[in-house]
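Close look at the chain arrangement
Residues per chain are reported as follows:
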Amino acid sequence: MDLYEYQARELLRKAGIPVPDGEVADTPEAAQRIARRLGGTVVVKAQVHAGGRGKAGGVKLAASPEEAKSHAARILGMEIKQHVVRRVLVTPAEEIAAEAYAAVLVDRATQRPVLMVSGEGGIDIEEVARTRPQAIRRLSVDPRYGLLSHQAYGLAEFLYSDPGLLSQAADILTRLYEFFLSAGASLAEINPLIVTSAGEVKAIDAKVSLDDNALFRNPDFEKLRDPAAEPEAEMRARNAGLSYVKMTGSVGCCVNGAGLAMATMDLIKYYGGEPANFLDIGGSSNPDKVVAALEIITSDPSVRVILFNIFGGITRCDDVANGIVEATQRTKLDRPIVIRLTGTNEAEAIVILEKAGFTAGRSMDAAVMKAVELAGAA
Ligand code: GDP
Ligand code: MN
């Protein structure tokens, strides 16, 4: 789950990281009122789940409340990377002496949280990583010991030489790491981390992604979710208790179990196709889930064929078969369907499906090959 900058800032502030004041507005008039309250020059910032807002014209300095109002009028409703701006953050403008980058993320290679810092902040970090990798310092943290004080100082030294700045930065990095762990984040990024003209180190932009699988530890975070900003299919899937991730291919997959879903996607690729989604209907036997899954898959116009791959264990194949029959009675299928099921009650399942005019097989290879062929032919 991605958070907006204003939400991320609030969480970082609670974690003790210096963040400037600010408030969100959804009308130009409200932006003007906030600017008046703050006084002085302010920054009006588009709130969307996307970076690069500055480049897109979504971050503007305003010297007066009237100017804040006119910037807000222009930014609200703007589209940035396919996200419509519905709110702006109005925050006091800082005098920036230097911009750096600091982040904690999950590193798959080391299977650990990794801290990343760079003296080249403010700009696209992927670009820095590509063109000047030596400008980035990484530290993978051993979760048994956490981030040790000398490590935080070591990273801070990569950014600053002044001892005052260095200890502020070390403190911020330590707090950022603690926040990352306790929040169950998959990313906590500050870009830019600035030095003000008064010599203070502050976060003026924040990006936080929370790991959905860790949300149970912080149920309060659920209210940070903005349903309007989520892909509709993913919301429907979550409400139906399915895990669904949309992808870019044309073979729509409906599988029970995350491991089998991954294997199915691998096999689709192996036979030259591209999966349209990851969809795990879970281990339970519930025809309603199958109905919901089919509706979600067929609502994606890039799906050219639907592939069911069911390994019956706790999930009973006859329940899945009933779900398929029921779902296709409710809405006529306008795309071919390939069904593979094996395991618990497979014989009953095949009878149910054949009665309803479907064919089903037991071989995973054969089913995937057939689905890839149909996706290509359509
Ligand atoms: P992003 O483009 O989505 O990453 O948005 P940021 O919040 O990082 O803002 C982009 C850039 O706008 C920053 O790198 C700064 O150069 C500039 N900026 C943002 N806030 C301020 C501010 O308070 N004062 C000044 N002078 N520049 C700012
Ligand atoms: Mn930024």
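A brief report on the enclosed structure follows. Quick caveat, the model's predicted, so the values are computed rather than measured. (Residues numbered from 1 in each chain as written. Chains lettered and ligands numbered in written order. Predicted model: local features only at pLDDT ≥ 70, side-chain atom pairs only at ≥ 80, totals over all residues. Heavy atoms only, no water.)

Section: the packing of helix H2 (residues 28-38) against helix H3 (residues 65-75)
Where we set the bar: Interaxial angles span 0 to 180 degrees and are taken between N-to-C directions of axes, which are lines fitted to C-alpha atoms, for helices over the stretch in contact. Numbering of helices and strands starts at the N terminus; helices are DSSP runs of H or I of at least 4 residues and strands are runs of E of at least 2. Should the near helix be turned anticlockwise from the far one by less than a right angle, the crossing is left-handed, and should it be turned clockwise, the crossing is right-handed. We call two residues in contact when some of their heavy atoms are within 4.5 Å. For this classification, the nonpolar set comprises Ala, Val, Leu, Ile, Met, Phe, Trp, Tyr, Cys and Pro, the charged set comprises Asp, Glu, Lys and Arg, and every other residue, Gly included, is treated as polar.
The geometry of H2 relative to H3 is characterised by a closest axis approach of 8 Å and an angle of 145 degrees between their N-to-C directions. By crossing handedness, the relation of H2 to H3 is classed as right-handed. In this structure, H2 uses Pro-28, Glu-29, Ala-31, Gln-32, Ala-35 and Arg-36 to contact H3, whose residues at the interface are Pro-65, Glu-66, Ala-68, Lys-69, Ala-72 and Ala-73. When the residues that make up the contact of H2 with H3 are grouped by side-chain class, the tally is seven nonpolar, one polar and four charged.

Considerations on the side chain of Ser-209
Applied cut-off: Burial classes: relative accessible area under 20% of the type maximum marks a residue as buried, over 50% as exposed, and values in between as partly exposed (1.4 Å probe, protein chains only). Polar contacts, as counted here, are pairs of nitrogen or oxygen atoms within 3.5 Å of one another; within protein the pair requires one atom able to donate a hydrogen and one able to accept it, and residues that are adjacent in sequence qualify only if both atoms are side-chain atoms.
Among the secondary structure elements, Ser-209 is positioned in strand E12 (residues 206-210). By relative accessible area, Ser-209 is classed as buried at 11%. For Ser-209, the side chain forms a polar contact with the side chain of Asp-2, separated by 2.9 Å. When neighbours within four sequence positions are excluded, Ser-209 is seen to be in contact with Met-1, Asp-2, Ala-185, Ser-186 and Leu-187.

Considering the coordination of the manganese ion (ligand 2)
Our working definition: Ligating atoms shown are N, O and S within 2.8 Å of the metal, or 3.2 Å for Na, K and Ca, and water is not included, meaning a site may look less than complete.
In the first shell of the manganese ion (ligand 2), the protein supplies Asn-191 (O) and Asp-205 (OD), at 2.1 to 2.2 Å from the metal. Of this pair, Asn-191 sits in strand E10 (residues 185-196) while Asp-205 sits in the loop between strand E11 (201-203) and E12, and the two are 14 residues apart along the sequence. Taken as a pair, Asn-191 and Asp-205 share a single burial class, namely buried.

Let's talk about the packing of aromatic side chains
Aromatic rings considered in pairs are described by the distance between their centres and by the relative angle of their planes. Note the following rule: Stacked, tilted and edge-to-face pairs are distinguished by plane angle, under 30 degrees for stacked and over 60 for edge-to-face with tilted covering the rest, among Phe, Tyr and Trp rings (Trp via its six-membered ring) whose centres lie within 6.5 Å.
Here the structure, examined in full by the defined rule, presents two aromatic pairs. Plain terms: the ring middles of Tyr-4 and Tyr-6 are 6.0 Å apart, the flat faces sit at 10 degrees to each other, and that makes the pair stacked. For Tyr-4, a relative accessible area of 6% translates into the label buried. Pairing Tyr-270 with Tyr-271 gives two aromatic rings, centres 5.1 Å apart and planes at 80 degrees, and the pair type is edge-to-face.

Some remarks on helix H10 (residues 317-330)
Note the threshold: Multiplying 1.5 Å by the helix residue count minus one yields the expected span of that helix.
Here H10 spans 20 Å end to end across 14 residues, near enough to the 20 Å set by a 1.5 Å rise per residue. Taking burial as the measure, the 14 residues of H10 include ten buried ones, the bulk of the element. Taken residue by residue, H10 has Cys-317, Asp-318, Asp-319, Val-320, Ala-321, Gly-323, Ile-324, Val-325, Ala-327 and Thr-328 as its buried positions. Residues of H10 that are buried in the fold lie against helix H9 (287-298), strand E16 (305-312), strand E17 (337-343) and helix H11 (346-355).

Things to note about the pairing of E10
Spelled out, the test is: The pairing criterion is simple: DSSP has to find at least two bridges between the two strands.
Most of E10 sits inside the fold, with eleven of its twelve residues counted as buried. Of the pairings in the sheet, the one linking strand E7 (residues 96-107) to E10 comprises eight bridges and is antiparallel in character. The partner of Ala-100 across the bridge, within E10, is Leu-193. For E10 and E12, the ladder comprises five bridges, and the chain directions are antiparallel. When the bridges of E12 are listed, Glu-189 appears paired with Lys-207. Bridge count for E10 against E11 is three bridges, and the pairing is antiparallel.

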